[in-house]
Amino acid sequence: MKTEVRAKKQLGQHFLNNLQISEDIALALTTPPHDVLEIGPGMGVLTQFLLNRDDVNLKAVEIDGESVVYLHRNFPDLKVIEGDFLKMELSTVFPGDFNVIGNFPYNISSQIFFKILEYKERIPAVVCMLQKEVAERIVSTPTGKEYGVLSVFIQAYYDTEYLFEVGPENFTPPPKVKSAVIRIKRNARVHLDCDETLFRKVVKGTFLQRRKTIRNSIMAAFPQLKGTEHPFYQLRPERLSVDNFVELTNFVQSTLTEE
Ligand code: SAH
């Protein structure tokens with residue numbers, strides 16, 4: 001159909017063509033608040049089911065001008081913000097808390113999550129479709145082979161659920177990778193019991209060399225730790241829970257401030 005949006009690879013455009021899956025994603029958002037931001041509506045396949053919900057007050061952000069024209073034409077009531085989610089001032093979108101939903105552009109999905117984490121106090125829940133490997137990383141628990149930086153950062157503030165897998169045949173054009181839908185919900189943690197900037201450095205520094213023991217990687221990241229001992233030093237980073245990383249961060253902090 002000539003009225004359809006031409007898929008642009010650089011924008012991660014793979015349009016879902018399965019209505020049942022679209023509806024399942026739209027209904028997977030099960031908790032308040034009513035205000036919901038959809039990232040990347042494209043031609044509105046999820047949007048239509050979200051607009052059908054009486055308990056959802058929807059706004060959408062879409063970077064692609066051609067999709068925005070299509071959405072205005074086909075969903076005149078939809079509030080569309082034309083722009084880049086990553087550059088958006090999220091605090092102005094809704095007056096209070098809001099949930100996030102979307103079939104995310106896979107090339108920027110980690111960046112989307114880092115932005116969501118910056119606004120975690122305002123975003124109680126997220127339902128999204130992602131590349132399957134990234135979805136698995138986000139929900140992976142300690143000792144899982146997918147467990148990594150993104151798992152620790154997200155699980156520090158959100159409970160995560162893997163909902164279902166979606167094959168490439170359900171998209172036009174089909175992506176080269178498998179996809180999966182996840183749901184994350186804000187947990188009770190208000191802040192970490194440690195310096196959060198140092199926490200991020202410790203987590204990133206240890207996972208930089210995930211096959212090495214923490215002794216090796218932490219000394220590389222913080223040479224001042226030479227000569228110290230800690231029970232976690234003999235483990236690999238994938239063994240540590242969020243609370244373990246908090247403990248390790250406080251240990252690093254105490255050693256740094258001793259000097
Ligand atoms: N939700 C639609 C489209 C998914 S493809 C569907 O399921 O069919 C990803 C969508 O995100 C595309 O419409 C793309 O234009 C949009 N997008 C890509 N980068 C974006 C960004 N930085 N901000 C907002 N939207 C973006």
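Residues numbered from 1 in each chain as written. Predicted model: local features only at pLDDT ≥ 70, side-chain atom pairs only at ≥ 80, totals over all residues. Heavy atoms only, no water.

(A) Quick look at the site of the ligand. Around the ligand, the surrounding shell holds 21 residues, and the nearest of these are Gln13, Gly40, Glu62, Asp84 and Asn103. Within the contact set of the ligand, a nitrogen atom lies 2.8 Å away from a backbone nitrogen or oxygen of Gly40. A distance of 3.4 Å separates an oxygen atom of the ligand from a polar atom in the backbone of Gly42. Burial of the ligand by the surrounding chains reaches 98%, relative to a free accessible area of 570 Å². Broken down by secondary-structure element, the contributors of at least two residues to the shell around the ligand are strand S1 (15–16) and strand S3 (57–62). (Near = heavy atom within 4 Å. Polar contact = N/O pair within 3.5 Å; in protein donor to acceptor, adjacent residues only side chain to side chain. Areas by Shrake-Rupley, 256 points an atom, 1.4 Å probe, with all protein chains shown as cover. Helix = DSSP H or I, 4+ residues; strand = E, 2+ residues; numbered from the N terminus.)

(B) Focus on the pairing of strand S2 (residues 35–39). Counting buried residues along S2, 5 of its 5 residues qualify, which places the element largely inside the surrounding structure. Burial along S2 is two-sided: the residues Asp35, Leu37 and Ile39 and Val36 and Glu38 are all buried. Two elements, S2 and S3, share 5 bridges in a ladder whose sense is parallel. When the sheet's bridge partners are listed, Val36 is paired in S3 with Leu58. In terms of strand pairing, S2 meets strand S5 (residues 99–103) through 3 bridges, oriented parallel. Each bridged residue has a counterpart across the sheet, and for Val36 the counterpart in S5 is Asn99. (Buried < 20%, exposed > 50% of the residue type's maximum accessible area, 1.4 Å probe, protein only. Pairing = 2+ DSSP bridges.)

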